[in-house]
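Structural overview
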Amino acid sequence: MSGRLMFLSACIHGSLWIRNHLQYGLPILGPQKETSGVATLSVLGLIVLTSLRLVRRLFYQAFFVVHILTFVAFFVTLRYHTLYSQPWIFPALAFFAADALLRFLRYRIKDARLSAPDELMTFVHIQDCDDGWLAGQHVQLRIFFSSRIFESHPFTILSPPPGRSYFNRSGMILAARVNGDWTRELNTYTRNEQDFSISASEKWTSDQRVDVPVHVMIDGPYGGSSVDLGQYETVLLVAGGSGATFTLGLLDDIVYRCVKAGRPDGERTTRIEFVWCIKSFDRIAWFAQMLADIATLAAGCSLEIYFSIFVTCLCDPEAVPFIPNCDVKLERPSVYMLLRETTGLSPPPSDAEEKKPLLIRSHGGGGVAVCASGPESLTVETRNAVARLGVRNALKLGGVVVHVESFAL
């Protein structure tokens, strides 16, 4: 937003300057001040155009390279345009250098192992990294493989640190869903290395998955959930596609605190509804084992956990693993109806006759926490669903809070 406001201000400044030159018959191009001013405005316009969402999504690498080059060119042309820019340029460069230095001090190079269960998902297990982050945070990941060593991308950490996780597994686990040229090449590289390892060793069978050793550089962690789920009686976690990496980490964290740690901070959570929207049935296998383990380990305790998986495409319907307390449906859900059903609210009058909620239960008024992650359409729908409840229902439930993570460029 600040860059676009600066471009708008530059356009106003340039248009008034051009009007002044036309009024008094002065040349617009030729003198250094005017020529460098047009060049500065052109560079700034190129930065704005290449940073549009459509360009970032379709040509991210081109956007990244052009952004770095034009960033330098903008300061150079601005310096030639006016001497008064010096007090504004060098402090900005100093802040940028300080940010780069602090990020460099946070960089850590670790050993990691890659595994690819299919052509759409790659898991990164970073070894000797057992603390220093919270559930729902993400890191900037750079993997030294092939020719893509200069690229880094953000990935959400799949689970809390081993000491605060229900699974107590060592290391940090990331999940990279194929969604661009970098993740696609990473998945292809991993599967090729796995196939080569299987063919080169007789002790492996074709059904066994061989991890591929690599070196990674991580920067972070950053972000995280702004909502403490333990302070609310009911929790609704909604994820779309690979957005489940965020909600899975939150689920693991709250289950550990309520079940294994014995509610050390007075956690009030009694019910969790985990909702996952995916395109095909075979993608359930990505996190099926984690969901099944959580459901099994939490069975018979004071915490109720229900899983709802919504599949939007009839692809491989036989590839549905068993997960306790899980319903798999072939439809696109309404987050608003899910929220009402989870909290025990009756459906709105217009829908009462058409659709009866699957579960009507009394709510203790201990508050509701809603967390959603995935495509922007899902996060926007979640925000609208919470707002649609209205003030009266929110007060009846003891308050409703929402936190969303949008997985988009």
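What you are looking at is a predicted structure, and each value in this text was computed from that prediction instead of being measured. Here the residue numbering is sequential within each chain, running from 1 through the sequence in written order. It should be noted that, the model being predicted, local features are given only for residues of pLDDT at least 70 and side-chain atom pairs only at 80 or more, the latter also being counted only at that level, while totals for whole chains, interfaces and linings use all residues. The basis for the side-chain values is all heavy atoms of the structure; hydrogens and waters are excluded.

Description of the packing of aromatic side chains
Under the convention used in this document: Whether two aromatic rings pair depends on their centres lying within 6.5 Å, for rings of Phe, Tyr and Trp, where Trp uses its six-membered ring; planes under 30 degrees apart make the pair stacked, over 60 edge-to-face, and the rest tilted. Per the convention used, a helix needs a DSSP run of H or I reaching at least four residues, while a strand needs a run of E reaching at least two, with both numbered from the N terminus. Any residue under 20% of the maximum accessible area for its type is buried, any over 50% is exposed, and the rest in between are partly exposed; the area is computed with a 1.4 Å probe on protein chains only.
In this structure the tally under the stated criterion is 11 aromatic pairs. Measuring from centroid to centroid gives 6.0 Å for F145 and W182, while their planes differ by 70°, and the two rings are edge-to-face. Note that F145 is positioned in the loop between β3 (138–143) and β4 (153–156) and W182 in helix α6 (residues 181–200), a separation of 37 residues in sequence. By relative accessible area, F145 is classed as buried at 2%. Among the residues examined, W182 registers a relative accessible area of 2% and is labelled buried. Seen from their ring centres, F274 and F307 are 5.9 Å apart, and the 65° between their planes marks the pair as edge-to-face. One end of the pair, F274, is in strand β8 (residues 271–278); the other, F307, is in strand β9 (residues 304–311), and 33 residues separate them in sequence.

A word on a nonpolar patch on the surface
Let me state the cut-off plainly: A patch is a set of surface residues, each over 30% in relative accessible area and not in a salt bridge, joined within 9 Å for like charges and within 5 Å for the nonpolar side chains Val, Leu, Ile, Met, Phe, Trp and Tyr. The protein chains shown are the only cover counted for residues, whose accessible areas, like all others here, come from Shrake-Rupley with a 1.4 Å probe. Salt bridge criterion: a side-chain nitrogen from Lys or Arg within 4 Å of a carboxyl oxygen from Asp or Glu.
Together, M1, L5, L8, I12 and L16 make up a nonpolar patch on the protein surface, roughly 550 Å² of accessible area in all. You can see I12 is positioned in helix α1 (residues 2–23). On the basis of relative accessible area, I12 is assigned to the partly exposed category, the value being 46%.

Focus: the sheet that holds strand β2 (residues 121–126)
Applicable threshold: Here a strand pair is declared whenever DSSP counts at least two bridges between the two strands. Between N-to-C directions, angles span 0 to 180 degrees; the directions come from axes that are lines fitted to C-alpha atoms, helices contributing only their stretch in contact. We call two residues contacting when some pair of their heavy atoms lies within 4.5 Å.
The 6 strands lie next to each other as β4-β3-β6-β1-β2-β5, forming an open sheet whose pairing is antiparallel. At either margin of the open sheet sits one strand with a lone partner, and together these are β4 and β5 (172–177). Neighbour to neighbour, the strand axes of the sheet diverge by 40° on average, direction disregarded. Taken together, the 5 bridges between β3 and strand β6 (residues 212–222) define a ladder with antiparallel strand orientation. In the sheet register, H138 faces β6, and the bridge partner there is Y222. On top of the sheet, helix α5 (residues 86–106) reaches β1 (108–115) and β6; it is set at about 130° to β6, its chief contact.

Points about the pairing of β6
Pairing of β1 with β6 involves 7 bridges; the strand directions are antiparallel. Bridge pairing in β6 places A112 opposite V214.

Looking at the environment of H138
Turning to its location among the elements, H138 is positioned in strand β3. The class for H138 is partly exposed, based on a relative accessible area of 24%. Not counting chain neighbours up to four residues away, the residues in contact with H138 comprise P154, F155, T156, I157, P221, Y222 and G223.

Focus: the side chain of E273
Note the following rule: Polar contacts here mean pairs of N or O atoms no more than 3.5 Å apart (in protein, one a potential hydrogen donor and the other a potential acceptor; neighbouring residues in sequence count only if both atoms are side-chain atoms).
Looking at the secondary structure, you find E273 in strand β8. At 2.9 Å, the side chain of E273 and the side chain of S308 are in polar contact.

Quick word on helix α8 (residues 288–297)
Count 3.6 residues to each turn of an α-helix, and residues three or four apart come out pointing the same way. Along α8, the positions that sit buried rather than exposed are A288, M290, L291, A292, I294 and A295. Each element contacted by the buried residues of α8 is listed here: α7 (244–260), β8 and β9.

Structural notes on the nonpolar core
One recurring pattern in soluble globular proteins is that nonpolar side chains are buried together. Filter applied, for reference: What is meant by a nonpolar core is a set of buried Ala, Val, Leu, Ile, Met, Phe, Trp, Tyr and Cys residues, joined one to another through side-chain atoms within 4.5 Å.
Core analysis: the largest hydrophobic core is formed by 46 residues, its most contacted members being L229, L237, L251, V255, W276, F287 and F307. Mapped onto this core, the elements with two or more residues apiece are β2, β5, β7 (234–240), α7, β8, α8, β9 and β11 (368–374). Considering every element that reaches this core, the biggest residue donor is α7, with 9 residues. Excluding residues within four positions of it along the chain, L237 makes contact with L229, T247, L250, L251, I272, E273, F274, V275 and C371. Listed in part, the 22 residues of the second largest apolar core include V238, F310, L397 and V404.

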